[in-house]
Amino acid sequence: MEWILALVLGYGLGSIPFGLIITRLAGVGDLRSIGSGNIGATNVLRTGRKGLAATTLLFDLLKGLAAVLIVGQIWPAWVGLGAIGAFLGHCFPIWLGFKGGKGVATTAGVAFGLAWPVGLAYAVTWLGLVFTVRISSVAGMTAAVVAPLVALVLGDRNDALVLAVIAAVVLFQHRENIARLRAGTEPKVGGKKA
């Protein structure tokens, strides 16, 4: 029973659509009608409001972190399921017809919650690629793949497995981006669709 509660708690926290809430409160309108239609920070950036995008990024990260820390305190044996639940809640929120974001910021929060060195590696990879390659999808996918590898190098197989599952879904969520990358049409940060 505890594993179900851990998963549900994580999912509940992860499913809070901060991007949608923040942009509506700011008077931007329905984020789902802008750009890619996703509820994450990258799409919020397409509104031209960098502050709103940064706020969305922070809150999406914090909900992943909170899920791991709270589940870790209540049901420590099931912290991995809490992490996966938070990630899945962001990507497939029941309140929005299971159409959410791609999980990059929430994965960062989960990674920091599971092991701060893994979170740091995730953040450095993501930021480094955003500022050099300037393609959000490349940065997010690469960081997601790096996280389980770093966890494995650090000797934590449980965290590595959790993060590998999340990385697989991150890649799935970016399948359209992957197609555009192959075609050479994927826009850089600040573009209209990513």
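See the structure printed just above.
The sections below set out a description of the structure shown in this document. If you're wondering where the values come from, they're calculated on a predicted model, not measured in any experiment.

### Section: the side chain of N43
Along the chain, N43 turns up in helix α3 (residues 41–45). Separated by 2.6 Å, the side chains of N43 and R46 make a polar contact. With sequence-adjacent residues up to four places away left out, N43 is seen in contact with L31, I34, G35, S36, G37 and N38.

### Some details on the environment of G140
Mapped onto the elements of the fold, G140 is located in helix α8 (residues 136–153). Taking relative accessible area as the criterion, G140 reaches 0% and is therefore assigned buried. In sequence terms G140 and D156 are 16 residues apart; their C-alpha atoms lie 22 Å from each other. Residues contacting G140, with those up to four places away along its chain left out, are V104, Y122, W126 and V170.

### Thoughts on the packing of helix α5 (residues 79–91) against helix α6 (residues 104–114)
Where α5 meets α6, the closest approach of the two axes is 9 Å, and the angle between their N-to-C directions is 170 degrees. Taken together, the axes of α5 and α6 lie roughly antiparallel to each other. In this structure, α5 crosses over α6, and the sense of that crossing is right-handed. Within the contact between the two elements, α5 uses V79, A83, A86, F87 and H90 and α6 uses T106, T107, V110 and L114. Across the contact of α5 with α6, the residue classes break down as 6 nonpolar, 3 polar and no charged.

### A look at the nonpolar core
The biggest cluster of nonpolar side chains holds 30 residues, and the ones touching the most others in it are V110, L114, V118, Y122, L163 and I166. Only α5, α6, α7 (116–132), α8 and α9 (157–173) provide two or more residues apiece to this core. The biggest single contributor to this core is α9, with 7 residues. If sequence neighbours within four positions are ignored, V110 has contacts with G64, L65, V68, A83, L163 and I166. L20, L31, I39 and A53 belong to the second largest nonpolar core, which has 9 residues in total.

Calculation criteria
Residues numbered from 1 in each chain as written. Predicted model: local features only at pLDDT ≥ 70, side-chain atom pairs only at ≥ 80, totals over all residues. Heavy atoms only, no water. Helix = DSSP H or I, 4+ residues; strand = E, 2+ residues; numbered from the N terminus. Polar contact = N/O pair within 3.5 Å; in protein donor to acceptor, adjacent residues only side chain to side chain. Contact = heavy atoms within 4.5 Å. Buried < 20%, exposed > 50% of the residue type's maximum accessible area, 1.4 Å probe, protein only. Axes fitted to C-alpha atoms, helices over the stretch in contact; angles between N-to-C directions. Parallel < 35°, antiparallel > 145°, perpendicular 65-115°, else oblique. Left-handed = near helix turned anticlockwise from the far one by under 90°. Nonpolar A, V, L, I, M, F, W, Y, C, P; charged D, E, K, R; others polar. Core = buried A, V, L, I, M, F, W, Y, C linked by side-chain atoms within 4.5 Å.

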